[in-house]
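Structural overview for review
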Amino acid sequence: MLTRIDHIGIACHDLDATVEFYRTTYGFEVFHTEVNEEQGVREAMLKINDTSDGGSSYLQLLEPTREDSAVGTWLAKHGEGVHHIAFGTPDVDGDAAEIRDKGVRVLYDEPRRGTMGSRITFLHPKDCHGVLTELVTSARVEPDEH
Ligand code: V0V
Ligand code: CO
């Protein structure tokens with residue numbers, strides 16, 4: 001069961017400058033940074049709030065590490081902006097299977113490694129009214145030390 005918004009993924013050209021914008025404009029601090037080579041992204045997670053199921057909601061700022069990555073391709077076509085939304089679930093495997101049975105393309109056979117040790121999969125945007133949708137089961141996390 002999808003229980004919350006885990007994050008909103010935002011594509012940007014310059015991660016450091018974008019982090020600085022969110023910090024100075026809104027006061028959001030970086031909770032975690034990571035490079036995910038499989039996904040071709042350097043990312044920063046800005047924690048917005050904790051949620052009633054023990055998880056949290058974040059903004060996920062994404063800078064491509066290579067032009068032919070999902071975010072690199074999208075940036076070249078559309079420019080900066082909202083790239084995907086991610087719903088949190090305690091059971092990404094079960095929810096992905098149920099959603100696949102409803103005829104929505106799930107992009108991975110098995111969930112892959114997401115930020116902070118999470119397990120993630122994606123639903124094709126063309127089957128979701130234009131929204132690239134991620135499902136995520138998060139691991140228990142502590143903030144980075146800064
Ligand atoms: C592409 N399209 C999108 C879209 N990306 N529509 C809405 N939102 C997006 N983000 C549309 C695009 O405009 C095309 O429609 C059509 O889909 C095909 O796009 P394409 O440019 O030809 O690109 P493809 O088909 O090579 O790749 C699209 C997919 C790809 C969705 C398959 O982006 C993908 O595999 N995404 C999942 C992985 C990912 O996004 N990783 C980065 C975040 P028209 O123009 O033909 O009508 S990593 C992350 O979130 C992590 C690590 C985490 O949360 O932990
Ligand atoms: Co994401």
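The structure reproduced in this document is the subject of the present report. (Residues numbered from 1 in each chain as written. Chains lettered and ligands numbered in written order. Predicted model: local features only at pLDDT ≥ 70, side-chain atom pairs only at ≥ 80, totals over all residues. Heavy atoms only, no water.)

**Examining the pattern of salt bridges**
Taken as a whole and judged by the stated rule, the model has 12 salt bridges. The partner of D16 in a salt bridge is R42, with the nearest N and O atoms 3.4 Å apart. Taken together, the residues span a long stretch of sequence, with D16 in helix α1 (residues 15-26) and R42 in strand β3 (residues 41-50) at a distance of 26 residues. For R105, the salt bridge identified is with D127, shortest N-O distance 2.9 Å. With R105 in the loop between α3 (92-101) and β6 (112-113) and D127 in the loop between β7 (119-123) and β8 (133-137), the pair connects residues that are 22 residues apart, well separated along the chain. Salt bridges sharing common partners tie together R4, D6 and D53. (Salt bridge = Lys/Arg side-chain N within 4 Å of Asp/Glu carboxyl O. Helix = DSSP H or I, 4+ residues; strand = E, 2+ residues; numbered from the N terminus.)

**Section: the coordination of the cobalt ion (ligand 2)**
Protein coordination of the cobalt ion (ligand 2) is provided by H7 (NE2), Q60 (OE1), H84 (NE2) and E134 (OE), with donor distances spanning 2.1 to 2.2 Å. Viewed at the metal, the six donor atoms of the cobalt ion (ligand 2) are separated by angles of 79 to 171 degrees, and the geometry they form is octahedral. Each donor residue of the cobalt ion (ligand 2) belongs to the same chain, with the gaps between them written as H-x52-Q-x23-H-x49-E. Of the two residues, Q60 is situated in strand β4 (residues 56-64) and E134 in strand β8; the sequence distance between them amounts to 74 residues. With respect to burial, Q60 and E134 carry one shared label: buried. (Donors = N, O, S within 2.8 Å, 3.2 Å for Na, K, Ca; no water. Tetrahedral: all angles 85-135°; square planar, octahedral: opposite > 155°, others 65-115°. Buried < 20%, exposed > 50% of the residue type's maximum accessible area, 1.4 Å probe, protein only.)

**Notes on the pairing of strand β1 (residues 4-11)**
Every other side chain in a regular strand lies on the same face of the sheet, so the side chains alternate between the two faces. The buried count for β1 comes to six of eight residues, which makes it a mostly enclosed element. One ladder, built from seven bridges, connects β1 with strand β5 (residues 81-88); its direction is antiparallel. When the sheet's bridge partners are listed, R4 is paired in β5 with G88. Where β1 lies against β4, five bridges are found, and the strand directions are parallel. Within the sheet, the bridge partner assigned to G9 lies in β4 and is Q60. (Pairing = 2+ DSSP bridges.)

**Some points on the pairing of β3**
With six bridges connecting them, strand β2 (residues 30-36) and β3 associate as antiparallel partners. Residue N36 lies in a different strand from β3, and its bridge partner there is V41. As consecutive antiparallel partners, β2 and β3 are separated by four residues, and within that stretch G40 has a phi angle of approximately 70 degrees, a positive value. Hairpin geometry of β3 and β4 is characterised by an intervening segment of five residues between the two adjacent antiparallel strands and by a positive phi of about 90 degrees at G54.

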